[in-house]
Amino acid sequence: MDAHLNQFYAQVDKDQNIYVERLREVVAIPSVSSDASMRNHVFRMGEWVQNELKRLNVEYEIRDPGTHVMDGHTLQLPPIVLGAYGRDPAKKTVLVYGHYDVQPALKEDGWATEPFELVENEKGELVGRGSTDDKGPILGWLNAIEAHQKLGIELPVNLRMCFEGMEENGSEGLDDVIVAEAKGWFKDVDAVCISDNYWLGDSKPCITYGLRGISYYKVTIKGPGRDLHSGVFGGTVHEPMTDLAYIFSKLVTPQGKILIPGIMDDVAPLTAAEEASYPPLDFNLSTLHNAIDAQNTIHDNHIDALKGRWRYPSLSLHGIEGAFSAPGAKTVIPAKVIGKFSIRSVPNMVPEKIDAHVIKYINEEFAKLGSKNQVEVECLHAGKPWVASFEHPNYVAAAKAVERVFKVKPDLTREGGSIPVTLTFQDALNKNVLLLPMGRSSDGAHSINEKLDRSNYIEGTKLLGTYLWELSTHQF
Ligand SMILES: NCC(=O)N[C@@H](Cc1c[nH]cn1)C(=O)O
Ligand SMILES: [Zn+2]
Ligand SMILES: [Zn+2]
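Residues numbered from 1 in each chain as written. Chains lettered and ligands numbered in written order. Predicted model: local features only at pLDDT ≥ 70, side-chain atom pairs only at ≥ 80, totals over all residues. Heavy atoms only, no water.

Please clarify how the overall build of the chain should be interpreted in this entry.
The helix and strand tally for the chain stands at 14 helices and 20 strands. The C-alpha radius of gyration of the chain comes to 23 Å, within 12% of the 23 Å expected for a compact globule of 476 residues. Relative to its full complement of 476 residues, the chain shows a buried share of 55%. Within the chain, counting contacts between residues at least 6 apart in sequence, those at least 24 apart form 81% of the total. Side chains of the chain give 48 positive and 64 negative charges; the mean places of these two sets differ by 1 Å. (Helix = DSSP H or I, 4+ residues; strand = E, 2+ residues; numbered from the N terminus. Rg over C-alpha atoms; globule rule 2.2 N^0.38 Å. Buried < 20%, exposed > 50% of the residue type's maximum accessible area, 1.4 Å probe, protein only. Contact = heavy atoms within 4.5 Å. Lys, Arg positive; Asp, Glu negative; His and termini not counted. Charge placed at Lys NZ, Arg CZ, Asp CG, Glu CD.)

I tried to follow the site of ligand 1 on my own but got confused; where do I start?
Inspection of the region around ligand 1 gives Asp133, Glu167, Glu168, Asp196, Tyr198, Ile214, Arg344, His381, Gly417, Ser418, Ile419 and His446 as its neighbouring residues. The side chain of Glu167 places a nitrogen or oxygen atom 3.0 Å from a nitrogen atom of ligand 1. At a separation of 2.9 Å, a nitrogen atom of ligand 1 approaches a polar side-chain atom of Asp196. Protein contacts shield 91% of the accessible area of ligand 1, which totals 380 Å² for the unbound molecule. Its residues placed into classes, the shell around ligand 1 shows 3 nonpolar, 4 polar and 5 charged. (Near = heavy atom within 4 Å. Polar contact = N/O pair within 3.5 Å; in protein donor to acceptor, adjacent residues only side chain to side chain. Areas by Shrake-Rupley, 256 points an atom, 1.4 Å probe, with all protein chains shown as cover. Nonpolar A, V, L, I, M, F, W, Y, C, P; charged D, E, K, R; others polar.)

I keep staring at the sheet that holds strand E15 (residues 336–345) and nothing clicks. Help me out?
Strand pairing within a sheet occurs via backbone hydrogen bonds; the two strands may be parallel or antiparallel. With respect to topology, 4 strands assemble into an open sheet ordered E13-E15-E11-E16, the strand pairing being antiparallel. Looking at which strands have only one partner, the edges of the open sheet turn out to be strand E13 (314–321) and strand E16 (374–383). Neighbouring strand axes in the sheet, compared pairwise and without regard to direction, differ in orientation by 20 degrees on average. One ladder, built from 7 bridges, connects E13 with E15; its direction is antiparallel. Note that in E15 the partner of Leu317 across the bridge is Phe341. Contacting strand E11 (213–222), E13 and E15, helix H7 (residues 240–249) runs over the sheet at an angle of about 15 degrees to E15. Most of the contacts of helix H11 (residues 351–369) go to E16, to which it runs at about 165 degrees, and overall it touches E11, E15 and E16. (Pairing = 2+ DSSP bridges. Axes fitted to C-alpha atoms, helices over the stretch in contact; angles between N-to-C directions.)

Would you mind showing me how to read a nonpolar patch on the surface here?
Taken together, the side chains of Val232, Phe233 and Val237 make up a nonpolar region of the molecular surface, amounting to roughly 210 Å² of accessible area. With respect to the helices, strands and loops of the structure, Val232 is situated in helix H6 (residues 230–233). (Patch = residues over 30% accessible without salt bridge, like charges linked within 9 Å, V, L, I, M, F, W, Y side chains within 5 Å. Salt bridge = Lys/Arg side-chain N within 4 Å of Asp/Glu carboxyl O.)

Got a minute to help me understand helix H1 (residues 2–14) in this structure?
Across its 13 residues, H1 extends 18 Å between first and last C-alpha, which sits within 8% of the 18 Å expected from 1.5 Å per residue. Among the residues of H1, Leu5, Phe8, Tyr9, Gln11 and Val12 are the ones counted as buried. For H1, the buried positions fall inside an angular range of 165 degrees around the axis, keeping them on one side. Opposite its buried face, H1 presents the exposed residues Ala3, Asn6 and Lys14, each directed more than 90 degrees away. (Expected span 1.5 Å × (residues − 1). Arc of directions from axis to C-beta.)

What's the story with the packing of helix H4 (residues 131–151) against helix H14 (residues 454–472) in this structure? I'm lost.
The relative placement of two packed helices comes down to the angle between their axes together with the axis-to-axis distance. Put simply, H4 and H14 touch, their axes get as near as 8 Å, and they point 65 degrees apart. The two elements H4 and H14 meet at a crossing, and its hand is right-handed. Of the residues in H14, those in contact with Gly136, Pro137, Leu139, Gly140, Trp141, Asn143, Ala144 and His148 of H4 are Tyr457, Thr461, Leu464, Gly465, Tyr467, Leu468 and Trp469. Counted by class, the contact of H4 with H14 contains 9 nonpolar, 6 polar and no charged residues. (Left-handed = near helix turned anticlockwise from the far one by under 90°.)

Mind showing me how you'd approach the UniProt feature "binding site: Mn(2+) 1" (unreviewed entry) in the chain here?
UniProt records the feature "binding site: Mn(2+) 1" (unreviewed entry) for Asp133, Glu168 and His446 in the present numbering. Maximum C-alpha separation among the annotated residues is 9.7 Å over a sequence range of 314 residues, consistent with a single clustered spot. Mapped onto the elements of the fold, Glu168 is located in the loop between strand E8 (158–164) and helix H5 (174–181). Overall, Glu168 belongs to the buried group, its relative accessible area being 14%. (UniProt positions renumbered as here; feature names shortened; annotations may be inferred.)

Just to check I follow, could you spell out the packing of H7 against H11 for this structure?
The geometry of H7 relative to H11 is characterised by a closest axis approach of 10 Å and an angle of 130 degrees between their N-to-C directions. Classed by the angle they form, the pair H7 and H11 counts as oblique. Pair H7 / H11 crosses with right-handed handedness. Every residue of H11 that contacts H7 at Asp243, Tyr246 and Ile247 is listed here: Ile362, Glu365, Phe366 and Leu369. The class makeup of the residues in the contact of H7 with H11 is 5 nonpolar, no polar and 2 charged. (Parallel < 35°, antiparallel > 145°, perpendicular 65-115°, else oblique.)

Below, the structure is given as structure tokens:
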């Protein structure tokens, strides 16, 4: 194994510019899943993935998840691409998952460069939408296969792949495919690995055993039949924006306390073992300040900050559709506004119960306003929180792989973000699921100037390959 891995590392180093060019090619496809007008690009990206699997002699099939309705339009969902590389019954079979869609990005949001043109800056950062979330990690798996092929070295495990194009928009259709394929495409799977999260800081790798869930809501408030002049009608009508601002103010305090009754009821109590797991982590407030480019953190100690991120629910206000948001001073009264917010959930919160609390509370608060406007609350998508057992050999193998590549023992972390299908893989396949991140905390996923450091991309490719070798040595 050592000799093979050394050859593999040398090949990855040698081919690193090829890998960067490959990343440039995929970042240039603006596969934004939450924007109906960009859906054709998500399909283009799905085709790119299929062509790449064909080039690498990976058997693949697509599953068509059908259609969904978004912003009043019925849209085709992008394909779920299933891959199979190796069918040797003597080897372990590892399922890897990634998503080929990305978050929206506009230069005018504040990007220093065009978001869909990969730029390598003087710090060795590969800047572009999707570089770290999640195109770089998907390419990491493909690069690792290619490097082995170039060397004529067989992979030590069989691979199954599942690449989707709707993760940033609720993973619509994927749960059903996973359940349906549990005894089909995924039947031989022994362990699952997802590379779609980040190190805790910027220098020490981690492996991750927990994620928060998400329940995403829209609150629509309708009033006048059309937008109005505030000079002519201000003071005469119930204004939807005023109602929405009031409702928003009733959801969460500036200190992050969720005001919706019942929401905290099902939060699992913190155990002594969990409490003890925080201090050894390579994390402090400066790590957090560095990741957010500011110092406006709620907590004044890093352990409470981590608990706030991983261990307790949070509620974030995201935006208002229909509100005036352009520069200038337009004196409009918007006729209809749609507020968007989400709740990150933790064990043992249940999406259906969260919905019930949220909808009841907003309707009650709205009733108190005496407004003649109409309100409607709807959950757009929901995913459950996930926690895995980190004693499993899957984690032991990943930790050994980190030690080999980075010469350091990884931190064992949870994460505040959500990958809704993680729990579906765990439950439907009844197999251990591991998160093995490639990028750093400061990568700016979902934000402006998203980047993946060249070193994380290259060493991350080595890590994914090494993990497969380490896993192949374990009996389970
Ligand atoms: N890298 C994982 C990730 O970014 N997940 C998203 C998932 C999501 C849910 N709704 C919209 N996106 C996250 O925000 O955590
Ligand atoms: Zn992601
Ligand atoms: Zn994301």
